[in-house]
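Coordinate analysis (summary)
Next come the chains, spelled out residue by residue.
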Amino acid sequence: MDAGVLSAFINNLVARLFVLADENYKLYKDFEEDVHFLTEELQMITSAIDDQLSGRSDRALQFMVNELHELALQMEDCIDRIMYRASKEQQPWYHINQASGRRIRSRLQLAKEMQRLKKRLLEAHQRKERYYVPRLSHPELPPSASDRHIARDDLVGIDAPLKEILEHLSEAEGQLEQLKVISIVGFSGLGKTVLAQELYDSEVGRQFEKRAWVSAGQRNLEELLTSILRQVDEPLSLVNCNARQLSTNLRNHLNNKRYFIVIDDMRSTDQWNSIKSSFPRSRDVSSRIVVTTKIQSVANTCSSTNGYMHKMRRLDEEYSKQLLLKESCLQEYSASHLDSKAILDKCDGQPLALTSVGQFIQSRNWAEWDGVCKEVRSHLDSDDTLKRMYQMLTHEYSSLPSHELKACLLYFAMFPSDCRVRVKRLMRRWLAEGFLIPTVLCSDPATQSLKELMDRNIIQSIDVISNNMKVKTCKTYGMMHEYIMCKSLSEKMIALFYDGKFQPRASRRLSLHDSNITDATKLEFDLSLVRSLIVIGQAGKAILDFRKYQLLRVLDLEQCTDLHNDHLNEVCNLLLIKYLSLGVGVTRLPKEIKRLKLLETLDLRRTDVKILSPEVIQLPNLIHLFGKFKLPNTVVLSKLQKFLSSRQCKLETLAGFMVDESEGFAELMVHMKRLRKVKIWCESSATSSSLSNVEKAIHKFIHDVNDSADDPRSLSVHFDGCSEDLLEGLKAPCYLKSLKLQGRLLKLPEFVTALRRLRELCLESTRLTADLLTALGDLKDLLYLKLIADELDQITFRNSALPKLLCLCFVVKHPTFPNIEGGALPHLISLQLICEKMDGQCSIQIKGFKCLREVVLDDEVNTDTKAKWVQAAKEHENRPKVLLLKRAAPPQGATETEITECSVVSEGPVQQNDIQMPQQDPLSAPVTVGPGAGLQGAQAAVSSTVAPAPVHDDSYSSNGSTALVPSVTSTATALMGLGVTPATLVAALDAAETKDMDFPESSAQGAAREVIPC
């Protein structure tokens, strides 16, 4: 097992041992003493492992790690059995069905097991002391500079991105002559270094008076400055010069000279901050610095002032196939004769992967490609042709800053490679698995971990263009997923069903994809020890026999196709379960669900459950409840209200409930003290009495206590079937961060303009009137506005309207967009005009939007309209991207908008490249600036363009994927992604910082959408 993953695993065990001690379990004499001993010993051993971790294999260390892994698994089993037994003893029926003698025997067995573990831990500790392993340094990834000098003819698809960046490298007519920093960012193996080399060797690049190329890596400041000085200066003595002297020498030498510096492989913002002062920003001199990096926040920082960020993209299908055939020496085969889809999907447009796999195919002389995908996985860590790629993937993994982050990354192996994982679903499962534990210093470690992985571009976000530019879904890159899968299987972190059996057999997590296992006797797998189970497709009777399980913590069956109501009776005996997601085939919940006292998340969105068992509301640890349901008519509200009033309820998310003629959630909602997200559907059968109760509940929910700038309260109300009058009684003081209203809106409800610090607003109605639209201009704190309607009345947004707005989205049938005067929407970053009938540029002129970074159009608009917007973008001082939103059939099981990444066409016809990219859920897309970056960092992010995508620094042949994607969705998204306050970002208009918050998707968005370049 990987030592880092083991350390994270043991840290989780230690936390759970503390829980055992804190809960004062008295299962046998000296139990508490044994728990404290195990806790202290584990902490000492993991500290020793951390001190001895090295990047290369060490047999003594590996032996110790494997031994501790086995011991840790046994300890986890023991701890969970204690927890299970304690939960069981709390059930009313337990003491009736269990004889006292049997209970005593089980406790004696537990005492013996604890003593055995204590003895084994002592032996492991003593063995470690006898065979001390000296600490070794982490190995360096082979420098990407080795790939700089690749023959121009061997590069694939590089012309378009090269042309794009050359426009920024050269002096543009009419622009100020000053220093510009160009960041090239992307995942390892996408060709950043190759692209930078092409820039350096270009005719434009050779016109600079002084030039230098340095590779940063882990070199210190003195080494970097010395290397640059030796290239730009006449030979001089640099002996005994410290960093300050070297920096002064370089600055003096470059002053008033036009210079071009390439810094390859920048790995931290500290590196950039320490060296940037060495480069003079002489007026009237157009110097250029190009930085390549795999880290998004580094790219944002480097290009924050008068900079440009180029987002590397993967090769499209045509270029990918061209490169693969070339490297495998199979060009003579017609593409139609080779079934290359599976291989291309696995390589995922990454030039290094395509090159490596092509050479792997060539080494085996396979004209027939059958079995290549399987062979690549089994030879990934051993074949010479795959060595470079394996080293890169290993470096990405080993360079993660924490053991917990490594465990979170490996968890992606639970999902198929092409699966778009809902971000919130993923984060809740990380917490339920125990990978991450909230602390006083970090109350939301799951969000921080996801942001870190996105900032490093190890995983990619999906759906960047949405109501509020937040990441909703994500996935890993093809070959990175292969590495994660290999690592997870070898570490026994997960097990897959393959060739009629589970591999490996000792894992505690199962991921099944259309397995249909009917006979459990031949599995040779102990299901009673499984902690996590996810099923996609058919599972089979053997797997869905929940009597065989006992210690499950995570059960994800939302995509299971053979799940039925009868299965739930046994599910309700899984007393340790924390995360439960159910799918089609489930129409009701049994009353026995009240046994699941530890349940934190219950997701019923894909079920047909319309009536919710009141026992669910009384679950003491339930935090998130999803679905669309109401309470039974026979429910006794007074009993539930008593439970809720006792402050035992931890429910934060209630999304959501229906309102009809019966009593129900509205009466209970006023007693839920911790609610943060509420979704309500008002049915046409709702009575005036029930609507009055809803109004009272909403009024209490939005009441402003003025105690926190970080309050994430979100409300979504769908009232298509009833009058909007239910909102008229809502009065100030009130607060919401996010609001969605869907129904017949003739005017803007008064409470909306009274909401303090409203950040996100979505309005959906058949028609949005002039009075309503005019009132929107007074929302001073609004950052995201989405308007969905058949038609909009004609209005004008006057000067100073919506002063903080970052994103404005229209989804309309008829192109009646408002006029926007100069001075209105001064900080708009993203303008989204989703209307297939739009002709020309409509009434909106973008010249006045000084911060604009992207314009999004419906793919169905005519060619002339597309051309006009492209031209308008070229004439804009920021040259914003023009993107097309393409409607596509949603993939099976999709619940959110699906979007692919795009770039803009500099000139010529519209291009349609099917290059994937991402977004949706609780947090924002990749990060632009670090948490707490404050005003300076936020302003830097505004002036730069951010975009989510893969990240690493490498140069590889056949780099045709270097696509430019500074999208604003990425800018704002990136801001919010690291917790940088949008208000701070928007020119320091507000000092308070706010966290990202999920925003309800609109049903009017229709089918899944795909963004393509225009």
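Each chain carries its own residue numbering, running from 1 in the written order of its sequence. Given that the model is predicted, a residue must reach a pLDDT of at least 70 before its local features are reported, and side-chain atom pairs must reach 80 or more before they are shown or counted; all residues, however, enter totals for whole chains, interfaces and linings. To obtain the side-chain values, all non-hydrogen atoms of the structure were used and water was disregarded.

Structural notes on the pairing of strand β17 (residues 653-659)
Note the cut-off: Only protein chains enter the area calculation, which uses a 1.4 Å probe; residues under 20% of their type maximum are buried, those over 50% are exposed, and those in between are partly exposed. Think of it this way: any DSSP run of H or I at least four residues long counts as a helix, any run of E at least two long counts as a strand, and we number them from the N terminus. Two strands qualify as a pair provided that DSSP identifies no fewer than 2 bridges between them. Whether a crossover is right-handed depends on one test, that the path from the first strand over the helix to the second runs clockwise when the strands point away from the viewer.
Taking burial as the measure, the seven residues of β17 include seven buried ones, the bulk of the element. The pairing of strand β16 (residues 624-629) with β17 spans four bridges and is parallel. Its bridge partner being in β17, His-624 is matched across the sheet by Thr-653. Crossover connection from β16 via helix α23 (residues 637-645) to parallel β17: handedness right-handed.

As for the sheet that holds strand β4 (residues 288-293)
What counts here: A fitted line through C-alpha atoms serves as each axis, taken over the contacting stretch for helices, and the angle formed by two N-to-C directions is quoted from 0 to 180°. By definition, residues are in contact when any of their heavy atoms lie within 4.5 Å.
Ordered in space as β2-β3-β4-β1-β5, the five strands form an open sheet in which the pairing is parallel. The two strands at the open ends of the sheet, each matched to only one other strand, are β2 (210-215) and β5 (308-311). Neighbour-to-neighbour, the strand axes of the sheet open up by a mean angle of 15°, direction not taken into account. Packing of helix α7 (residues 192-201) onto the sheet brings it into contact with β1 (180-185), β2, β3 (259-266), β4 and β5, and relative to β2 it is tilted by some 165°.

Observations concerning the sheet that holds strand β8 (residues 473-476)
With antiparallel pairing, the three strands of this open sheet are ordered in space as β6-β8-β7. The strands lining the two open edges of the sheet, one partner per strand, are β6 (421-422) and β7 (459-462). As paired elements, β7 and β8 share four bridges and run antiparallel to each other. Within the sheet, the bridge partner assigned to Ile-462 lies in β8 and is Thr-473.

A few points about α23
Threshold: The directions from the helix axis to the C-beta atoms form the arc being described.
When α23 is considered as a whole, its buried residues turn out to be Leu-637, Leu-640, Phe-643 and Leu-644. Along the axis of α23, the buried residues cluster in a sector spanning 125°; they form a single face. Exposed residues on α23 whose side chains face more than 90 degrees from its buried face are Lys-639 and Lys-642. Against α22 (614-617) and α24 (665-669) lie the buried residues of α23. Once α23 ends, the next one or two residues include Arg-647, with phi positive near 65°.

Description of a positive patch on the surface
The criterion, for reference: Patch definition: residues with relative accessible area over 30% and no salt bridge; like charges joined within 9 Å; nonpolar side chains (Val, Leu, Ile, Met, Phe, Trp, Tyr) joined within 5 Å. We get accessible surface area from the Shrake-Rupley algorithm with a probe of 1.4 Å; when it comes to residues, only the shown protein chains can shield them. Think of a salt bridge as a Lys or Arg side-chain nitrogen and an Asp or Glu carboxyl oxygen that are within 4 Å of each other. We treat Lys and Arg as the positive residues and Asp and Glu as the negative residues; His and chain ends play no part in the count. Charge positions are represented by NZ for Lys, CZ for Arg, CG for Asp and CD for Glu.
On the surface, Lys-591, Lys-594, Lys-597 and Lys-639 cluster together into a positively charged patch. Locating Lys-639 in the fold gives a position in helix α23.

Details of the packing of helix α6 (residues 159-169) against α7
Worth spelling out the cut-off: Comment on the angle field: the value is read as roughly parallel under 35 degrees, roughly antiparallel over 145, roughly perpendicular from 65 to 115, and oblique elsewhere. Two helices crossing with the near one rotated counterclockwise from the far one by less than a right angle form a left-handed crossing, whereas a clockwise rotation gives a right-handed crossing. Three categories are distinguished: nonpolar for Ala, Val, Leu, Ile, Met, Phe, Trp, Tyr, Cys and Pro, charged for Asp, Glu, Lys and Arg, and polar for the others, with Gly belonging to the last.
Relative to each other, α6 and α7 sit at 50°, their axes nearing to 10 Å. By the angle between their axes, α6 is oblique relative to α7. Classified by chirality, the crossing of α7 by α6 is right-handed. Residues Pro-161, Leu-162, Ile-165, Leu-166 and Leu-169 of α6 touch α7, and the partners they reach there are Leu-195, Glu-198 and Leu-199. Tallied by class, residues from the contact of α6 with α7 come to seven nonpolar, no polar and one charged.

Considering the state of the cysteines
Convention followed: Criterion for a disulfide: a pair of cysteine sulfur atoms within 2.5 Å.
Evaluated as defined, the whole model comprises zero disulfides. Summary of cysteine pairing: Cys-762 is not part of a disulfide, and the nearest cysteine sulfur, belonging to Cys-809, is at 8.1 Å. Overall, Cys-762 belongs to the buried group, its relative accessible area being 0%.

Quick word on the packing of aromatic side chains
We count it as follows: A pair of aromatic rings is counted whenever rings of Phe, Tyr or Trp (Trp by its six-membered ring) have centres within 6.5 Å, and the orientation is called stacked for planes under 30 degrees apart, edge-to-face for over 60 and tilted otherwise. As a reminder, the over-ring test applies to NZ of lysine and CZ of arginine, requiring each to be within 6 Å of the ring centre and within 35 degrees of the ring normal.
The final tally for this structure, using the stated rule, is 15 aromatic pairs. Summarising the aromatic geometry, the rings of Phe-187 and Tyr-477 are spaced 5.3 Å apart at their centres and angled 10° between planes, so their arrangement reads as stacked. With Phe-187 in the loop between β1 and α7 and Tyr-477 in the loop between β8 and α20 (478-490), this pair connects stretches of sequence that are 290 residues apart. For the pair formed by Phe-187 and Tyr-477, the shared burial category is buried. An angle of 25° between the planes, with centres 5.3 Å apart, marks the rings of Phe-657 and Phe-665 as stacked. The same class applies to Phe-657 and to Phe-665, which are both buried. In this structure an aromatic cluster arises from ring pairing among Tyr-200, Phe-208, Trp-213 and Phe-260. Taking the ring centre of Tyr-200 as reference, the NZ or CZ of Arg-211 above it sits at 4.0 Å. Stacked on the ring of Tyr-397, the Lys or Arg Lys-406 has its end atom at 5.5 Å from the ring centre.

Some points on the environment of Leu-380
As for its position among the elements, Leu-380 is in the loop between α15 (372-379) and α16 (387-398). On the basis of relative accessible area, Leu-380 is assigned to the buried category, the value being 2%. Remark: the alpha-carbon pair of Leu-380 and Met-479, spanning 99 residues in sequence, is separated by 9.8 Å. Once you skip the residues sitting within four places of it in the chain, Leu-380 turns out to touch Leu-386, Met-389, Tyr-390, Glu-482, Tyr-483 and Cys-486.

Here's the deal with the side chain of Lys-180
This is how the line gets drawn: Polar contacts, as counted here, are pairs of nitrogen or oxygen atoms within 3.5 Å of one another; within protein the pair requires one atom able to donate a hydrogen and one able to accept it, and residues that are adjacent in sequence qualify only if both atoms are side-chain atoms.
Looking at where Lys-180 falls in the secondary structure, it is placed in strand β1. Although Lys-180 is buried, it makes no salt bridge; Glu-167 carries the closest opposite charge, 9.3 Å away. Side chain to side chain, Lys-180 and His-168 meet in a polar contact 3.4 Å long.

Things to note about the pattern of salt bridges
On inspection of all chains with the given rule, the structure shows 36 salt bridges. In this structure, Asp-77 engages Arg-508 in a salt bridge whose closest nitrogen and oxygen atoms are separated by 2.6 Å. Taken together, the positions of Asp-77 in helix α3 (residues 59-89) and Arg-508 in the loop between β10 (501-503) and β11 (509-513) put the pair 431 residues apart, joining distant regions of the chain. What makes Asp-77 buried here is its relative accessible area of 6%. Note that Glu-558 and Arg-606 form a salt bridge whose closest N and O atoms lie 3.8 Å from each other. One end of the pair, Glu-558, is in strand β13 (residues 554-560); the other, Arg-606, is in the loop between β15 (601-603) and α22, with 48 residues separating them in the sequence. Just as Glu-558 is buried, Arg-606 falls in that class too. Because the salt bridges share partners, they merge into one network encompassing Arg-422, Arg-425, Arg-429, Asp-556, Glu-558, Asp-603, Arg-605 and Arg-606.

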